[in-house]
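One letter stands for each residue in the lines below.
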Amino acid sequence: MTRWDVGMLAGLTVLALGIAVWIGPVSQDPAYHHFADTRPCGPVPNCLDVLSNLAFLLAGAAGLKHLERWPADLRPALGTFWWGVLLVAPGSAWYHWAPDDARLVWDRLPMSLAFMGLFAAVLVDRLRIGGRVLPLLAALGPASVGIWVLSGDLRPYGLVQFLPMAMMPVIVCRYLHGAIPRTALLWALGWYGLAKLAEWLDGEILEWTGLVSGHSLKHLLAALATVKLWRPANGAAGRVQGRNRWSASKDAVDTSL
């Protein structure tokens, strides 16, 4: 990384931390658990909010299936991302079965892991930061949920979710070449933004459609956001093989030293 890159990332981090300090502690709104669509189907309460999480299961399984297509140095981070996406399915379904703060923990833990896994993959792919960044980021994600549980303050979780989203498009637009397609990442961020909008318009969307609520639609849109990340960029096969050989050579040198 150049000094400009370090300054850019540090500046975004300081700005985000400054905003978090300025707004003060953020507690979980009890009204968050009151979703618009409470219709059951048979023994399943809140049916569509529960069952729509199957989209995460399918998306995560597809991502893990294609993991071998990626460079060896990206697989740990992307594997963390895809396992996070897959585990959102049972975690979010468990939460939506009977929404409360205690169950919400199991919804947010895998999401935080997915956010940090994708961020680590972008750092490794574009900035050539070593894989050592993954354990730190993978710990920070669940830790932010733990801080919320212990203190009631959602700010760390908010930083884990939204700070990488501010950094990743800047990084991939500055560094165009990598195995992670720039259009795929921008697609993911765009569709995730639409998912958050649908979440905000939960009741309105149910009223407009009469079929599906905004929160159920959020699950589908968030899973859709991941589909272009299943495979590396077109024409990246040669780069993938070259980077795999480079990683193997580097490991051999490190071992000999």
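Rules behind the numbers
Residues numbered from 1 in each chain as written. Predicted model: local features only at pLDDT ≥ 70, side-chain atom pairs only at ≥ 80, totals over all residues. Heavy atoms only, no water. Helix = DSSP H or I, 4+ residues; strand = E, 2+ residues; numbered from the N terminus. Rg over C-alpha atoms; globule rule 2.2 N^0.38 Å. Buried < 20%, exposed > 50% of the residue type's maximum accessible area, 1.4 Å probe, protein only. Contact = heavy atoms within 4.5 Å. Areas by Shrake-Rupley, 256 points an atom, 1.4 Å probe, with all protein chains shown as cover. Lys, Arg positive; Asp, Glu negative; His and termini not counted. Charge placed at Lys NZ, Arg CZ, Asp CG, Glu CD. Phe/Tyr/Trp six-rings, centres within 6.5 Å; stacked < 30°, edge-to-face > 60°. Disulfide = S-S within 2.5 Å. Salt bridge = Lys/Arg side-chain N within 4 Å of Asp/Glu carboxyl O. UniProt positions renumbered as here; feature names shortened; annotations may be inferred. Axes fitted to C-alpha atoms, helices over the stretch in contact; angles between N-to-C directions. Parallel < 35°, antiparallel > 145°, perpendicular 65-115°, else oblique. Left-handed = near helix turned anticlockwise from the far one by under 90°. pLDDT = per-residue confidence, 0-100. Polar contact = N/O pair within 3.5 Å; in protein donor to acceptor, adjacent residues only side chain to side chain.

An unreviewed UniProt entry annotates the chain as Alkaline phytoceramidase of Methylomarinovum caldicuralii.

Student: Whenever I open this one, the overall build of the chain confuses me. Can you help?
Tutor: Secondary structure assignment for the chain yields 11 helices and 0 strands. Listed by position from the N terminus, the elements making up the chain come as α-α-α-α-α-α-α-α-α-α-α. The C-alpha atoms of the chain give a radius of gyration of 19 Å, which matches the 18 Å a tight globule of 257 residues would have. Dimensions of the chain, computed from C-alpha atoms along their principal axes, come out at roughly 60 × 40 × 30 Å. Taken over 257 residues, the chain has a buried fraction of 46%. Taking contacts inside the chain between residues at least 6 apart in sequence as the whole, the part at least 24 apart equals 73%. Of the roughly 13,000 Å² of accessible surface on the chain, a fraction of 70% belongs to carbon and sulfur atoms. Charge separation in the chain, taken as the distance between the mean sites of 21 positive and 17 negative side-chain charges, equals 14 Å.

Student: For this particular structure, what's the right way to read the packing of aromatic side chains?
Tutor: Each aromatic ring pair is characterised by the separation of its centres together with the angle its planes make. In the structure shown here, the tally under the stated rule is 5 aromatic pairs. With 6.0 Å between their ring centres and 75° between their planes, Phe115 and Tyr192 make a pair best called edge-to-face. Here Phe115 is found in helix H5 (residues 101–127), whereas its partner Tyr192 is found in helix H8 (residues 182–200), with 77 residues between them in sequence. Accessibility assignment for this pair places Phe115 and Tyr192 in one class, buried.

Student: Looking at this structure, how should I read the state of the cysteines?
Tutor: One covalent bond between the sulfur atoms of two cysteine residues makes up a disulfide. This model, assessed by the stated rule, comprises 1 disulfide. Bridging Cys41 to Cys47, the disulfide has an S-S length of 1.9 Å. Of note, the bridge from Cys41 to Cys47 carries an S-S torsion of about 75° and is right-handed in sense.

Student: In this structure, what is going on with the pattern of salt bridges? I would like to understand it.
Tutor: Side chains that carry opposite charge are capable of pairing whenever their charged atoms lie near each other. All chains considered together, the criterion is met by 6 salt bridges. Here Arg39 makes a salt bridge to Asp37, at a shortest N to O gap of 2.8 Å. Looking at Arg39, the relative accessible area reads 37%, which means it is partly exposed. Judged by relative accessible area, which is 2%, Asp37 ranks as buried.

Student: Would you mind showing me how to read the UniProt feature "transmembrane region" (unreviewed entry) in the chain here?
Tutor: UniProt marks residues 109–127, 134–151 and 157–176 with the feature "transmembrane region" (unreviewed entry), using the numbering shown here. Span residues 134–151 is 100% helix and 0% strand, its end C-alpha atoms 26 Å apart. Annotation note: span residues 157–176, helix share 90%, strand share 0%, distance between end C-alpha atoms 29 Å.

Student: What am I meant to see in the packing of helix H7 (residues 155–174) against H8 here?
Tutor: Between two packed helices, the angle of one axis relative to the other and the distance separating the axes together describe the packing. The geometry of H7 relative to H8 is characterised by a closest axis approach of 10 Å and an angle of 150° between their N-to-C directions. Relative to H8, the element H7 is oriented roughly antiparallel. Remark: the crossing between H7 and H8 carries left-handed chirality. Facing Gln161, Phe162, Met165, Met168, Pro169, Val172 and Cys173 of H7, the residues of H8 in contact are Arg182, Leu185, Leu186, Leu189, Tyr192 and Lys196.

Student: In this structure, what is going on with the environment of Leu104? I would like to understand it.
Tutor: Here Leu104 is to be found in helix H5. For Leu104, the contacting residues outside a window of four places in its chain are Gln28, Tyr32, His33, Tyr95 and Trp148.

Student: Would you mind going over the confidence of the model for the chain with me for this structure?
Tutor: Interpretation of this model should avoid reading the predicted coordinates in detail wherever pLDDT is low. In this model, the chain carries an average pLDDT of 90, and 91% of its residues clear a pLDDT of 70 or more. The low-confidence segment residues 237–257, where pLDDT is below 50, has 17 contacts with residues more than four positions distant or belonging to other chains.

Student: I keep staring at the side chain of Asn53 and nothing clicks. Help me out?
Tutor: Within the fold, Asn53 resides in the loop between helix H2 (47–51) and helix H3 (54–65). According to the relative accessible area criterion, Asn53 is buried, its value standing at 1%. A distance of 2.8 Å separates a polar atom in the side chain of Asn53 from a polar atom in the side chain of Ser92.

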